[in-house]
Protein chains: 2
Amino acid sequence: MGKTTRNLQVVSPVPADIDIANSVEPLHISEIAQELNLATEHYDLYGKYKAKVLLSALDSIGGGQDGYYVVVGGITPTPLGEGKSTTTVGLCQALGAFLDKKVVTCLRQPSQGPTFGIKGGAAGGGYSQVIPMDEFNLHLTGDIHAITASNNLLAAAIDTRIFHESTQSDKALFNRLCPPDKNGNRRFSDVMLRRLKTLGIDKTNPDELTSEEVTKFSRLDIDPSSITWRRVMDVNDRFLRKITIGQGPEEKGMVRETGFDISVASEVMAVLALTTSLADMRERLGKMVIGNSKAGYPITADDLGVGGALTVLMKDAINPTLMQTLEGTPVLVHAGPFANIAHGNSSIVADKIALKLVGPGGFVVTEAGFGSDIGTEKFMNIKCRYSGLKPQCAIIVATVRALKMHGGGPEVAAGKPLDRAYVSENVTLVEAGCVNLAKHISNTKAYGVNVVVAVNAFSTDTEAELNEVRKASMAAGAFDAVICTHHAHGGKGAVDLGIAVEKACKNVSQPFKFLYPLDIGIKDKIEAIAKSYGASGVDYSEQAEKQIEMYNKQGFSSLPICMAKTQYSFSHDAKEKGAPSGFVLPIRDIRASIGAGFIYPLVGTMSTMPGLPTRPCFYEIDLDTTTGRVVGLS
Amino acid sequence: MGKTTRNLQVVSPVPADIDIANSVEPLHISEIAQELNLATEHYDLYGKYKAKVLLSALDSIGGGQDGYYVVVGGITPTPLGEGKSTTTVGLCQALGAFLDKKVVTCLRQPSQGPTFGIKGGAAGGGYSQVIPMDEFNLHLTGDIHAITASNNLLAAAIDTRIFHESTQSDKALFNRLCPPDKNGNRRFSDVMLRRLKTLGIDKTNPDELTSEEVTKFSRLDIDPSSITWRRVMDVNDRFLRKITIGQGPEEKGMVRETGFDISVASEVMAVLALTTSLADMRERLGKMVIGNSKAGYPITADDLGVGGALTVLMKDAINPTLMQTLEGTPVLVHAGPFANIAHGNSSIVADKIALKLVGPGGFVVTEAGFGSDIGTEKFMNIKCRYSGLKPQCAIIVATVRALKMHGGGPEVAAGKPLDRAYVSENVTLVEAGCVNLAKHISNTKAYGVNVVVAVNAFSTDTEAELNEVRKASMAAGAFDAVICTHHAHGGKGAVDLGIAVEKACKNVSQPFKFLYPLDIGIKDKIEAIAKSYGASGVDYSEQAEKQIEMYNKQGFSSLPICMAKTQYSFSHDAKEKGAPSGFVLPIRDIRASIGAGFIYPLVGTMSTMPGLPTRPCFYEIDLDTTTGRVVGLS
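Residues numbered from 1 in each chain as written. Chains lettered and ligands numbered in written order. Predicted model: local features only at pLDDT ≥ 70, side-chain atom pairs only at ≥ 80, totals over all residues. Heavy atoms only, no water.

> Sorry if this is basic, but what is going on with the overall build of chain A here?
For chain A, the count of helices and strands is 22 helices and 24 strands. Its C-alpha atoms give chain A a radius of gyration of 25 Å, within 12% of the compact-globule value 26 Å for 634 residues. In terms of overall dimensions, chain A has C-alpha extents of about 80 × 55 × 50 Å along its principal axes. Each of the 634 residues in chain A was classed as buried or not, and the buried ones make up 63%. Considering only contacts in chain A between residues 6 or more positions apart, those separated by 24 or more positions represent 75%. Looking at chain A as shown, the accessible area adds up to about 21900 Å², and 50% of this sits on carbon and sulfur atoms. Here chain A contributes 64 positive and 67 negative side-chain charges, whose respective centroids are spaced 2 Å apart. (Helix = DSSP H or I, 4+ residues; strand = E, 2+ residues; numbered from the N terminus. Rg over C-alpha atoms; globule rule 2.2 N^0.38 Å. Buried < 20%, exposed > 50% of the residue type's maximum accessible area, 1.4 Å probe, protein only. Contact = heavy atoms within 4.5 Å. Areas by Shrake-Rupley, 256 points an atom, 1.4 Å probe, with all protein chains shown as cover. Lys, Arg positive; Asp, Glu negative; His and termini not counted. Charge placed at Lys NZ, Arg CZ, Asp CG, Glu CD.)

Structure below.
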């Protein structure tokens, strides 16, 4: 066992999350860093319990070998969630504090919206948590705030540019963009040279541009109806979903309908999660497309002159944040892209650093969003494609509760009491529901990884039910299936899972393979994914067909696909539980995150801005002003 | 000289600010902290060059004596600014690095809006700067982001509450606000007990409320037309000045006109600047009034149940950020309230900590916004009133350029070349303009402090011009008037100023006094301030009269007054230079920041959301991805 790890004194019944979190005094984060052999020049402290690990760490440790790479996905969940984060943390506590392995947990940073809204925090649960829980769930080290700032600077640049173009001649615009200095000389800034390159103008002296080139350069001619870039805010503010802007008298009637998304839905967040270096991030941020010109050309952040400023705003956010679990094992928290319109996985940068830090024989456990149909699928086909990393093992978290739902149990809804079927033995329901688990197993196995099922056991589960899940898992081709009690017992409750995962990592027999290659058509890629869901075909709306044509023309057809689909079913219909098949998947519209690097078909309508209930979580949240401690955070 | 201070190697002509800033390797901030005798448990590192000084520091050093307290104001400025921040920094470099004094500079955190917009950064200039300049001007330690988050959480709570009240009966509302637990028991959360107290309901058991009390408690009945709370963003986004929200189909037609201000204009920022402790901040945030009920009662953040959550979001922001000057002297950066609709001064907390850290014989130099008519006036009558602190010396920064403008020189505008009058000798213009300086001196002297004029000398100023300013200053009652060259020479250029300030602090002969007492009427207070401007009277609009009546009725009449007036004239008319008199000051409207603790009359129209020009600063800003350094920041 490492110097920093320690076992928990567990209490039964399990106390409230916040009480457990507050009962453990976190170690100074420099102790965690030291245990990882992280040199002091490679991290920056942010208070006593958080540190940003600098990208420069990769320069010095980048030559070493990687550890094992484990991804955690889940079966199709109930709206209550099946404990994917909790299992991720519990497994790492087992590996680090009980099995004497080097281990790093890679988690996403949660949005502050749900913390104050309905859902509460996201630091795990019970005796498997990241601490300090309030810092994890609140500002952390400011990455989401940096995303909000850069997303909205770009938004302001768009509307202001349209405004200034509407009132100025081409020549006046050019004069303002490249003003002569005291000696009458003009100069292009670096970002302007990028635009000139895009336009195929091979000149660096502003005075040499023809008047036609002056027009091409100065006038972006953005089509307001084509703008897909929205403003963002890390607050559940439903009244900003659809708004009209520009109604002030100084804006001269240039009103426009638009809206706000929650910050984690910003393409800037998706860029952060998928980037691999500062230089790569600069390119991706500059390439983000905000809409088209009236002639149909894509307009980028660099065309607006703001790609460099966006990078400056994001320069610290690219460094992952080091924290710790309740049992003193290290955690890297980084990025938290929205899991349907984006890919919902934690960052490539954090995983890469972690794999070097643990080294050969060590483990990096990273979480993928939602059910494995979208979470793990996007992990494999988007994240691993960009990172070049290959996992050895994929975990699928299952609960008896969710399997019963898939087997035909009554509806499970947040805020309503659970039906009796979920708290008393019903092996038949479990057995019937295992079709869902089986499909997640076979889909995940197809990537060439070993699949370990982690059954997140509840106190109401019976031995017969749990055995049924194990049996069905093995029948469907799982490498192993393990009953875990990390919520009630911390790492100790996931020791068997840790042993199974180690065995799975050491016994990979298949080569890693993607679900689809990049160089086929957009539709072919969509259809490959749809087929993996169980669909018999795909139905494209007229709008979707139009968009595909446009992306083909604009040269974006070779990007991977990021399906925006409900997590509550393999199909597009959240009510279709189990393993539906033979359905036709409808594609309502298709959008693109060119900077992040994917095309995202919309399967149904996705809300990108949650709301607040009548009694939001914030009613319980307060500060004990004597101790400075947060109370009421759940 | 302290261990951390060091003298600069200055170059002539003065290089660009960013080049000077980058030429000095900052010390690790723990060295600066150590030099201040700040124990390691009293600060949190945020990277290598920033640290948050914890409020707990006051608990251990709070028993000691304060140092001298010096406030820096200015004459009525040109739109180019007269170097108030630069002089503040230069003076401290002189005191610390040349005169061997303990000194702390207290500065405001700048908004990111201007950094990317027109103005550029705000870290001082030339050889008198705070470093690292990019960290100072960008996210710093996240305080402004915390303000944005809490301001907007409150905004979301307002609209969502109106929405939920519109669709639910009183009983349903109550059921949702105080839901029964498993055993059928209901419970009020702490913040609900605050509302009950306001309503005069002395019960703690929800089941004991009469149905009339249930209605009173559950239904805030907010009058949408009375809402003064706006959303904020730290970006120059003019298209958000006036918007319509709630246009999504789920919001069922509940549209409302509102808008965004820049984040520093948020009342939460004003609260941060004026608070004195965590407990005080909790009370102020909860007391913020967002509008009225239809019956005319003020509705607060605590009525909405969100005061505690706002405090949690602000719990780290209350700790000032420690940085350093180019010459290694300590700087506390904290708060940056909008200087017209709020009071525009850095925080009470930072000043209090600094005064204890420097101790007897040491100096705290804090900057007030704008010209002394509003900056210093608000410092004395609002900030000192709430802090209980009393300055010994007030500095008035003057430039020959601005005095020439006041003496009748041609218009000075940003982005346009300066008229010849400003770069060649013209003693007559200077002499005529000194009426402005004289009025700032006599107004400031009236508080019982010694006034030292700091003439921020430019290379084009002549000896005759500078002598004229000195002569006029002494004639107007200044304690001293000193020519300074800290922009060109760093602390060395402000040594004489430092000596004069020390003498001024040691020779206070008058008792400190406010301009007005709190217990007179709102109008009497406004008139006292107007008279200090030179006004012969005040003219109230019908709307202003109505508001005064309402604030009287609501019990807010004993708050201090924060005039929202142009900084470009003593009067309401920016074109009236010099020292106008006999004018009637028009009060267009009156608003209140009840949580922050002041009433603010609007003298004319104030823009609370700047815009971006055709070529914003961001065109030059980029990241050198090889070195990780920011380039192009001005």
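> Whenever I open this one, the relation of the copies chain B and chain A confuses me. Can you help?
Each of the two chain copies can be brought onto the other by rotation about an axis and movement along it. Between the two copies, chain B and chain A, the superposition gives an RMSD of 0.0 Å; the rotation angle is 180° and the shift along the axis is 0.0 Å. Such values leave the two copies arranged in the relation of a two-fold axis. Closest approach to the rotation axis among the C-alpha atoms of chain B is made by B:Tyr46, whose C-alpha sits 2.2 Å away. By residue overlap, the copies meet face to face through one surface: 100% of the interface positions of chain B are interface positions in chain A. (Least-squares fit on C-alpha atoms with pLDDT ≥ 70 in both.)

> Would you mind going over the pairing of strand 14 (residues 330-333) of chain B with me for this structure?
Successive side chains on a regular strand alternate, one facing one side of the sheet and the next facing the other. Residue and element names in this part refer to chain B. Burial along strand 14 is two-sided: Pro330 and Leu332 facing one way and Val331 and Val333 facing the other are all buried. Pairing of strand 4 (residues 103-107) with strand 14 involves 3 bridges; the strand directions are parallel. Each residue of the ladder has a partner; that of leucine 107, found in strand 14, is valine 333. The pairing of strand 13 (residues 321-325) with strand 14 spans 4 bridges and is classified as antiparallel. (Pairing = 2+ DSSP bridges.)

> I would appreciate a short explanation of the interface of chain B and chain A in the present structure.
A common way to state how big an interface is: give the accessible area lost once the parts meet. Facing the 81 residues of chain B at the interface are 81 residues of chain A. For the pairing of chain B and chain A, the buried interface totals around 7300 Å² over both sides, and the portion due to carbon and sulfur atoms is 63%. For chain B, the biggest contributors to the area lost against chain A are B:Phe239, B:Thr614 and B:Tyr619; these three give 12% of the whole. Here chain B is connected to chain A by 16 salt bridges. Here A:Glu251 and B:Arg241 are joined by a salt bridge, their closest N and O atoms 3.1 Å apart. Taken together, the connections running from chain B to chain A amount to 39 residue pairs in polar contact (both at pLDDT 80 or more). With 12 residues, helix 7 (residues 143-167) of chain B is the largest single contributor of residues to the side of chain B that touches chain A. In terms of residue class, the side of chain B that touches chain A is built from 39 nonpolar, 20 polar and 22 charged. (Buried area = accessible area lost by both parts, 1.4 Å probe. Salt bridge = Lys/Arg side-chain N within 4 Å of Asp/Glu carboxyl O. Polar contact = N/O pair within 3.5 Å; in protein donor to acceptor, adjacent residues only side chain to side chain. Nonpolar A, V, L, I, M, F, W, Y, C, P; charged D, E, K, R; others polar.)

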